[in-house]
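# Structural description and commentary
Residue strings, one per chain:
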Amino acid sequence: MTEKFDLFKDQSTKWYILGSMIALEVLVSVSFLGYLHIEPISMTFAYIPILITGMLMGPAESTVVGSVFGLISMGKASASYVMAGDRIFSPLMSGSPIKSILLSVGTRALFGFIVGLLYRFAKKSRRPDLWIGVISFWGKSVHSLLVFSVMALLFPDLGYGIATAFSDFLSIGNLLVMSGTAAIVLLIRRALRSSPYKRFEQRMSMLKNLQPAEQQSPNRLLLISILVEFLLTCAVTVYFVGRTRYMLEQNGIDVSTAILSDLFLLQTQFLVGILALMFLLMVLQVFNRRYAACGEYEASLDTLTSVWNRKSFFQRSDQTLANMRRNDIWHGYFIMLDVDWFKQINDEFGHPEGDRVLHDVAQCLRQIFAPIGQIGRLGGDEFAILVDQPVAQETLEKELKTFTERVAELSGPVSSITCSIGVLMLTSPASIDELYQKADQLLYQAKQQGRNQYVLGA
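Everything numeric here is computed off the predicted structure, so don't read it as measured data.

### So, the overall build of the protein chain
A tally of helices and strands in the protein chain yields 16 helices and seven strands. Since a compact globule built from 458 residues should have a radius of gyration of about 23 Å, the 32 Å found for the protein chain marks it as more spread out than a globular shape. For the protein chain, the C-alpha atoms occupy an extent of roughly 95 × 55 × 30 Å along the three principal directions. Looking at the protein chain as a whole, 47% of its 458 residues are labelled buried. Across the protein chain, contacts joining residues at least 24 apart in sequence account for 71% of those joining residues at least 6 apart.

The following block contains the structure:
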């Protein structure tokens, strides 16, 4: 890998991760994991996924997750059975819809933005782990400070103020929660620097080298699955609420409009939680499928040079030739080459230096021919390239000249590296074995004529 790869910034995976963090926030917010009810209001741990998102991704993403937290808390506060202190979070229950939206959604979105920004600065500091731990420890207090400050500003009659946010600061339970939050975030950060994660990230980066068909992109299937699940969730919610109402009425219980609304709200929360859990499982399957695909891709590469190994090169070349035959369009070239006097390089400088030469030659081949064809190492110092693009002969000769010049400029104990090359033009249907034999003959001619040159034939 020559370029830095960040799983959380890669466009093909970022949306899966953000979706997972939203699903985690939903799951926490609608379950016992996210709330502890203490009069007169509820304590919440649902801010923790916001902190994790801010640390992993950034302020924009943590703002989104914070907004989701606010929307869910706003919906939960709309039930008739909630505590009096919680009703101000609901536009339906507070009597001041705009104020409730600002309190419920606005404060959580602002919290997400602030912690995401603080984490960004912390990562650039000289001691990032220390500052990330500090931000995570104070995350709960920052969240409480924002919520209670806005409550004091928008709903002053309730008697809450900034001091309320720190009323239980020194309690053992509060300190344990704050310390636990910092520990969770730091453990996740440490896990991202572990060898298993680096291996996982390296495999995910290999997807950039896969062909579109090999990526087995689940995006469309995943979106369809989510849509189907959403529609089924709506159908199950309506059915369950209707049957519950019928059951209660059959047992002599009068179901008022308020009770029916609460039943619908509770069932919606339950099914939204299930939907979030299913989404997390889907994403897990997506990454598992990608990881397996990358493993197959890695197994098809030559371990020394990272080009296709012999078996994979011939299989892919067979597929390309079959497409040409099917479309009755023949263009391109089959190129064979090897390093001149490679045995002497191994004997004089040792096999490690010989391996370095092969690696560097393969790098030159990838830089020049990867955009227009497939490259494989057939064994030893022998390479093959199937140029499957309509490249003019003058252009190909220019590319071959560039390749030989770059090989000659390779630095190391070997003062001069040259290659002999056989180039076969594709003009009529042929199998990969036939192309190999003809190109190998042209390569032999290049060696017979003095090496360090190419021979073109048809």
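### A word on helix H12 (residues 310-327)
If you check H12, its first and last C-alpha atoms are 26 Å apart, about what 18 residues at 1.5 Å a residue would give, namely 26 Å. Of all the residues in H12, the buried ones are Ser312, Phe313, Phe314, Arg316, Ser317, Thr320, Leu321 and Met324. Just downstream of H12, Asp328 is the residue with a positive phi angle, here 55 degrees.

### Re the packing of H12 against helix H16 (residues 432-448)
In contact at an axis separation of 10 Å, H12 and H16 are set at 115 degrees when each is read in the N-to-C sense. One finds that H12 runs roughly perpendicular with respect to H16. Of the residues in H16, those touching H12 at Arg310, Phe314, Ser317, Asp318 and Leu321 are Ile432, Asp433, Leu435 and Tyr436. In the contact of H12 with H16, the residues fall into five nonpolar, one polar and three charged.

### Let's talk about the confidence of the model for the protein chain
Across the protein chain, the average pLDDT comes to 87, with 93% of residues at 70 or higher. Contacts from residues 211-218, a stretch scored under 50 in pLDDT, to residues over four places away or in other chains number eight contacts.

### Describing the nonpolar core
Ranked by size, the top nonpolar core spans 40 residues in total, and within it Phe8, Leu51, Leu56, Phe111, Tyr119 and Val185 carry the most contacts. Mapped by element, the contributors of at least two residues to this core are helix H1 (11-29), helix H2 (48-56), helix H3 (59-76), helix H4 (97-123), helix H5 (128-137), helix H7 (172-191), helix H8 (195-205) and helix H11 (257-299). Sort the elements by how many residues they give to this core and H1 lands first, with seven residues. When residues no more than four places from it in sequence are discounted, the contact partners of Phe8 are Lys14, Ile17, Leu56, Met57, Leu192 and Tyr197.

### A look at helix H6 (residues 139-154)
The first and last C-alpha atoms of H6 sit 23 Å apart over 16 residues, in line with the 22 Å expected at 1.5 Å per residue. Every buried residue of H6 is listed here: Gly139, Lys140, Ser141, His143, Ser144, Leu146, Val147, Phe148, Met151 and Leu154.

### Looking at the sheet that holds strand E5 (residues 382-387)
Taken together, five strands build an open sheet; the order of strands is E4-E5-E3-E6-E7 and the sheet is mixed. At either margin of the open sheet sits one strand with a lone partner, and together these are strand E4 (373-379) and strand E7 (454-457). The average angle at which neighbouring strand axes cross in this sheet is 15 degrees, direction not considered. Inspection of the sheet shows strand E3 (residues 333-339) paired to strand E6 (residues 419-425) by seven bridges, in the antiparallel sense. Note that in E6 the partner of Phe334 across the bridge is Leu424. Against the sheet, H12 makes contact with E3, E4 and E5, and its axis sits at roughly 145 degrees relative to E4, the strand it touches most.

### Quick look at the packing of aromatic side chains
Enumeration according to the criterion identifies 14 aromatic pairs in this entry. Each ring, one from Tyr297 and one from Trp308, has its centre 5.5 Å from the other, and the planes form 90 degrees; the classification is edge-to-face. Here the residue Tyr297 occupies a position in helix H11, and Trp308 occupies one in the loop between H11 and H12, the gap between them amounting to eleven residues. Exposure class is identical for Tyr297 and Trp308. Each is buried. For the ring pair Phe313 and Phe334, a centre distance of 6.1 Å and an interplane angle of 50 degrees mean the geometry is tilted. Of this pair, Phe313 sits in helix H12 while Phe334 sits in strand E3; the two residues are 21 residues apart in sequence, bridging distant segments of the chain. Of the two residues, Phe313 and Phe334, both sit in the buried class. Cluster of aromatic residues (ring-pair linked, three or more members): Tyr16, Tyr197, Phe200, Phe287 and Tyr291.

### Brief notes about the pairing of E3
The element E3 is largely enclosed, with a buried count of seven among its seven residues. Burial of the side chains of E3 extends over both faces: Tyr333, Ile335, Leu337 and Val339 are buried on one face and Phe334, Met336 and Asp338 on the other. Looking at chain direction, E3 and E5 are connected through six bridges and run antiparallel. Paired with Ile335 across the two strands is Ile385, which belongs to E5.

### Notes on a positive patch on the surface
Together, Lys9, Arg120, Lys123 and Lys124 line one region of the surface with positive charge. With respect to the helices, strands and loops of the structure, Arg120 is situated in helix H4.

### Section: the environment of Asp129
Residue placement: Asp129 occurs in helix H5. Put simply, Asp129 and Val185 are 56 residues apart on the chain and 9.9 Å apart in space, counted from C-alpha to C-alpha. If we ignore the near neighbours within four places in the chain, the residues touching Asp129 are Leu186, Arg189 and Arg193.

### Regarding the pairing of E6
The side chains of a regular strand alternate, residue by residue, between the two faces of the sheet. Counting buried residues along E6, six of its seven residues qualify, which places the element largely inside the surrounding structure. Pairing analysis gives four bridges linking E6 to E7, with the strands arranged parallel. Each residue of the ladder has a partner; that of Ile421, found in E7, is Tyr454. Once the chain exits E6 it traverses H16 before rejoining the sheet at E7, and the crossover so formed is left-handed.

Reading the values: the criteria
- The residue numbering used here restarts from 1 in each chain and proceeds along that chain's sequence as written.
- For this predicted model, a pLDDT threshold of at least 70 governs which residues receive local features, and a threshold of 80 or more governs which side-chain atom pairs are given and counted, while totals over whole chains, interfaces and linings are taken from all residues.
- Side-chain figures throughout are based on the complete set of non-hydrogen atoms in the structure, without hydrogens or water.
- Counting from the N terminus, the helices are the DSSP runs of H or I reaching at least four residues and the strands are the DSSP runs of E reaching at least two.
- Note on method: radius of gyration uses C-alpha positions; expected globular size equals 2.2 Å times residues raised to 0.38.
- The rule is simple: take the accessible area with a 1.4 Å probe, protein chains only, and divide by the maximum for that residue type; under 20% is buried, over 50% is exposed, in between is partly exposed.
- Only heavy atoms enter the contact rule, under which two residues are in contact if any of them lie within 4.5 Å.
- Helices are assigned an expected span. That span is 1.5 Å times one less than the residue count.
- To define axes, lines are fitted to C-alpha atoms, for helices over the stretch in contact only, and angles between the resulting N-to-C directions are given on a 0 to 180 degree scale.
- When an angle is under 35 degrees it counts as roughly parallel; over 145 it counts as roughly antiparallel; between 65 and 115 it counts as roughly perpendicular; any other value is oblique.
- Residues are grouped as follows: Ala, Val, Leu, Ile, Met, Phe, Trp, Tyr, Cys and Pro are nonpolar; Asp, Glu, Lys and Arg are charged; all remaining types, including Gly, are polar.
- Known as pLDDT, the predictor's confidence for each residue is given on a scale from 0 to 100.
- By nonpolar core is meant a set of buried Ala, Val, Leu, Ile, Met, Phe, Trp, Tyr and Cys residues that side-chain atoms within 4.5 Å join together.
- Only strands joined by at least two bridges in the DSSP assignment are considered to pair.
- We call Phe, Tyr and Trp rings a pair once their centres come within 6.5 Å, taking the six-membered ring for Trp, and we label the pair stacked below 30 degrees between planes, edge-to-face above 60, and tilted otherwise.
- Patch membership requires more than 30% relative accessible area and the absence of a salt bridge. Residues of like charge join within 9 Å; the nonpolar side chains Val, Leu, Ile, Met, Phe, Trp and Tyr join within 5 Å.
- Areas reported here follow the Shrake-Rupley algorithm with a probe of radius 1.4 Å; residue values treat only the protein chains shown as occluding.
- A side-chain nitrogen of Lys or Arg and a carboxyl oxygen of Asp or Glu constitute a salt bridge if their distance falls within 4 Å.
- When charges are counted, Lys and Arg are positive and Asp and Glu negative, with His and the chain ends excluded.
- By convention, the point assigned to a charge is CZ for Arg, NZ for Lys, CD for Glu and CG for Asp.
- Handedness of a crossover: with both strands directed away from the viewer, a clockwise path from the first strand across the helix to the second marks it as right-handed.

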